[in-house]
Amino acid sequence: MKSRTSFLNKGFVLNDFRKYSWVAVVYTLALLFIIPLNIIMMCSNDDIYKDAVKNLLLINNPETQATLMLAVPVVLAVLLFRYLQVKISADALHSLPVKRSNIYRSHIFTGIILLILPVLITGAISILLNLFLDLGSYYSVNDVFRWMGITVLMNLVVFLACVLVGMLVGISTVQGILTYVLLFFPVGITVLLTCNLEFFIYGFMFNSDYQLDKLSPITRIFAGFNPLSERSMSSGEILIYMAICLVLFFLADYLYKIRNLENATQTIAFSKTRNVFKYGVTFCTMLLGGLYFQQTQQTIGWVVFGYLAGSLTGYVIAEIMLQKSLGFFKEVKNFKGYAVFSAIVIILMLGIRFDMIGYEKKLPPLDEIQQVYFSNSFYNYNLDKKYQTDFFSDQGNLEHIQQLHRRIIEDKDINYLNKNKEQKRSVIFIYQLSNGSTMTRGYQIAYDAYADYLKPICESEEYKKMHYDILHVNPDDVEKITLRPNMNTGSYKEAAILDPAEIEEAIAMMQLDAMNKTYELMTEQKEPWADVSILIANNKLHNYPKLFKDIEKRGGDGDKDKYIHTAWNKSDHLLENWLQEKGYDRKARILPEEISYLLVEKIENRDQWEEFRRTGHFKDEQTADDKKVKRLEIRDKSQIETCLREYGDRWLLDYSFTQDNEGIGGYIIGFYGIDNHNLDYGSFAGDNVPDFVKEFFEE
């Protein structure tokens, strides 16, 4: 009894309950509306979406619940420690013969109880609904316990963070605002720093796909906690958040003990942290200003202007907040700190800009490279190890990849900060070295300019085995192959191969076509003849890790998870010959006889392309103005066959005009069925334009 009395003060606890229980009541009503009442409403509908009920407890549609998680603990913490920000209240309360630690722990205890009780009540009602209404097929009792645990844990993190901020500041409004700044800070500063470094350092690219949202409770809550995906809350993450709670609790306790009560109503209560606040704000707004002009202007001059404007704005705002007046403008010496800050930043930026450590030119020696991840994104690198692809270890490929990397480094003037309209894509190099370290570099390049370097890599067996799933298919594992034309003529059409011997032959043809592909065929942009779906037998799915992963993620029901998907491309001549020999081709592709006519129109510049995109289609009945447009109508079946073999996706034109090829132009093509109904659109561009199309428009 004695130790309990010394740990908490009963009077403070009862007083807090009397004054702030309304917060818990409102929170309870809100949770009851969001969870149990929603469950009842959903289950009373005839067309109930099974996962929608469970998503409530997995916080997968988290807007309302996330808002509560982020708002209620902050409101409660501000109310409980409001007296600290009002000098009269602080003096009166601390004149009582009660230790500060007792006061602090009493408020914290009250806050935790008021946050936990609504969750427990809501969880208990949800469990009762499950038991008495037999809702086990929609959600389990474990789902409710998981929801209660996550909600309580995240509530405590936000609550204790707000308490800590309350010890550092002297104004309640500032406490609330800085709490969200603190919670979001890990993600915000990571994005700001890495985006700015990417701009200044050629070759620096941050792996932003790797669970960046887990760095902040705010983004973590909004991402949801689905246990069947990478969003699940792992035991390690739970332990980290529990450790954060303990750190926040004891740090706030310490700050409370040493806090000077005279500093109530001051923006920052501790004088030593005022410079941290001031220059922290200045630094962050500087990065934000630079990032804005980096994204909009892409020139060094504007980015430097952004840094200057951002940092000065941040410095002035911080000074106004600290002094709560505009008086510091009266004396120039008040900007002395800003001048020192600017000088330090300039020195740092010059060091980064001129690559004082040789980061941009560094390449690991070939004999120290064990393997290298080479891709256009970090996606496959971030997967579980057993699903990772794009790791090259063949000695020939390592040499080719390093030659490509060396050339990209030499082409800094071409790839870095130029404003040409070439469409660029990312290229990522992650070297895993023999000493156990890794070296990561990333660039934005125009792939076409490096075709000579990419060709030997893409034509290697190692590359093809990474990128062509068909090369890993064992015919004995396949139940069925289905080919469906890529253009819908209005009637259902498909070719199904069921005979095991034919399945084996078809897969052999597809594998040979894949192995025979040249770089030029890989990068051609013709529309494929058909989509190919390969159904894997249920008892052989474990031989296909990617499928197995998808089945695990989706819960394993439905045939859609059991297919390997590929395409019958125009360059797959072995497969085409085999399909013709077996008579499957007429069901597997669109035929000239199924098309009544084609309309072809030349698009000479971006304005014409934008006009077509706006209207979206050829006009069936031409207006007077429309008749001025020169169009080629094709009804000859052999010419239609040529067009079918050569056309590409209509959005190829978008790519073409992005390349600043307006002088070259392109052709939009419309396909019309026997009832004059539009079937699809496509395009001709580059070397794929049929001669009779060129001749018509040259007349």
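In what follows, the structure referred to is the one given above.
Every residue gets a number counted from 1 within its own chain, in the order that chain's sequence is written. Restriction of local features to residues with pLDDT of at least 70 applies here, the model being predicted, together with a cutoff of 80 or more for giving and counting side-chain atom pairs; totals for whole chains, interfaces and linings are based on all residues. The basis for the side-chain values is all heavy atoms of the structure; hydrogens and waters are excluded.

## Some details on the environment of Ala 496
Here's step 1: Positionally, Ala 496 belongs in strand E6 (residues 495–497).
Here's step 2: Residue contacts follow a heavy-atom distance rule, with two residues in contact if any of their heavy atoms lie within 4.5 Å. If we skip the residues at most four places from it in the chain, Ala 496 touches Lys 480, Ile 481 and Tyr 584. Working definition: helices are DSSP H or I runs of at least four residues, strands are E runs of at least two. Numbering for both runs from the N terminus.

## A short note on helix H11 (residues 235–258)
Here's step 1: Between its terminal C-alpha atoms H11 stretches 35 Å, which fits the 34 Å expected from 24 residues at 1.5 Å a residue.
Here's step 2: Among the residues of H11, Glu 237, Tyr 241, Cys 245, Leu 248, Phe 249, Ala 252, Asp 253, Leu 255 and Tyr 256 are the ones counted as buried.
Here's step 3: In this fold, the buried residues of H11 make contact with helix H6 (87–94), helix H7 (100–132), helix H8 (141–168) and helix H10 (217–223). Multiply 1.5 Å by the residue count of a helix minus one, and that product is the helix's expected span. Under the scheme applied here, a residue whose accessible area is under 20% of the maximum for its type counts as buried, over 50% as exposed, and between as partly exposed, the area being computed with a 1.4 Å probe on protein chains only.

## Brief notes about the sheet that holds strand E3 (residues 425–433)
Here's step 1: Reading across the sheet, the 4 strands line up as E2-E1-E3-E4 and stay open at both edges, with antiparallel pairing between neighbours. Because the sheet does not close on itself, it has two edges, and the strands there are strand E2 (391–392) and strand E4 (438–445).
Here's step 2: Each pair of strands is called paired provided DSSP finds at least two bridges between the two strands. In this structure, strand E1 (residues 369–375) lies alongside E2, joined through 2 bridges in antiparallel fashion. Bridge pairing in E2 links Tyr 373 to Phe 391.

## Observations regarding unusual backbone geometry
Here's step 1: Positive phi, close to 50°, is recorded for Asp 355, a residue that is not glycine.
Here's step 2: In this structure, Asp 355 sits in the loop between helix H14 (336–353) and E1.

## A few points about the packing of helix H2 (residues 10–34) against H7
Here's step 1: Angles here are taken between N-to-C directions and fall from 0 to 180 degrees, while the axes themselves are lines fitted to C-alpha atoms, restricted in helices to the stretch in contact. Direction vectors running N to C along H2 and H7 enclose 30°, while the axes themselves pass 9 Å from each other. Here H2 is positioned roughly parallel relative to H7, judged by the angle of their axes. When the axes of H2 and H7 are compared, the crossing they make is right-handed.
Here's step 2: Think of it as three bins: nonpolar holds Ala, Val, Leu, Ile, Met, Phe, Trp, Tyr, Cys and Pro, charged holds Asp, Glu, Lys and Arg, and polar takes everything else, Gly as well. Looking at the contact of H2 with H7, its residues break down into 17 nonpolar, 6 polar and 1 charged. Roughly parallel covers angles under 35 degrees, roughly antiparallel covers those over 145, roughly perpendicular covers 65 to 115, and oblique covers all other angles. Crossing handedness is defined as follows: a turn of the near helix away from the far one that is anticlockwise and smaller than a right angle gives a left-handed crossing, while the clockwise case is right-handed.

## What to know about the packing of aromatic side chains
Here's step 1: Each aromatic pair joins two rings of Phe, Tyr and Trp (for Trp, the six-membered one) with centres within 6.5 Å, and gets the label stacked for planes under 30 degrees apart, edge-to-face for over 60, and tilted for any other angle. Taken as a whole and assessed by the stated rule, the structure comprises 32 aromatic pairs.
Here's step 2: Relative to Tyr 104, the ring of Phe 81 lies with its centre 6.1 Å away and its plane at 45°, an arrangement referred to as tilted. Separated by 23 residues along the polypeptide, Phe 81 in the loop between helix H5 (63–80) and H6 and Tyr 104 in helix H7 bring together distant segments of the chain. With respect to class, Phe 81 is no different from Tyr 104; both count as buried.

## A short note on the pattern of salt bridges
Here's step 1: For this analysis, a salt bridge means a side-chain nitrogen from Lys or Arg found within 4 Å of a carboxyl oxygen belonging to Asp or Glu. Applying the stated criterion to the full structure yields 21 salt bridges.
Here's step 2: Among the salt bridges present, the one from Lys 257 reaches Asp 253, with a minimum N-O distance of 3.8 Å. Note that Lys 257 and Asp 253 are positioned in helix H11 at a spacing of 4 residues, about one turn of the helix.
Here's step 3: A relative accessible area of 47% places Lys 257 in the partly exposed class.
Here's step 4: Taking relative accessible area as the criterion, Asp 253 reaches 7% and is therefore assigned buried.
Here's step 5: One salt bridge in this structure joins Lys 582 and Glu 505, with 3.7 Å as the shortest N-O distance. You can see Lys 582 sitting in helix H23 (residues 573–582) and its partner Glu 505 sitting in helix H20 (residues 500–516), a full 77 residues away along the chain.
Here's step 6: Its relative accessible area of 33% is what places Lys 582 among the partly exposed residues.
Here's step 7: With relative accessibility at 33%, the residue Glu 505 sits in the partly exposed group.
Here's step 8: Where salt bridges share partners, they join Glu 576, Arg 589, Glu 641 and Arg 645 into one cluster.

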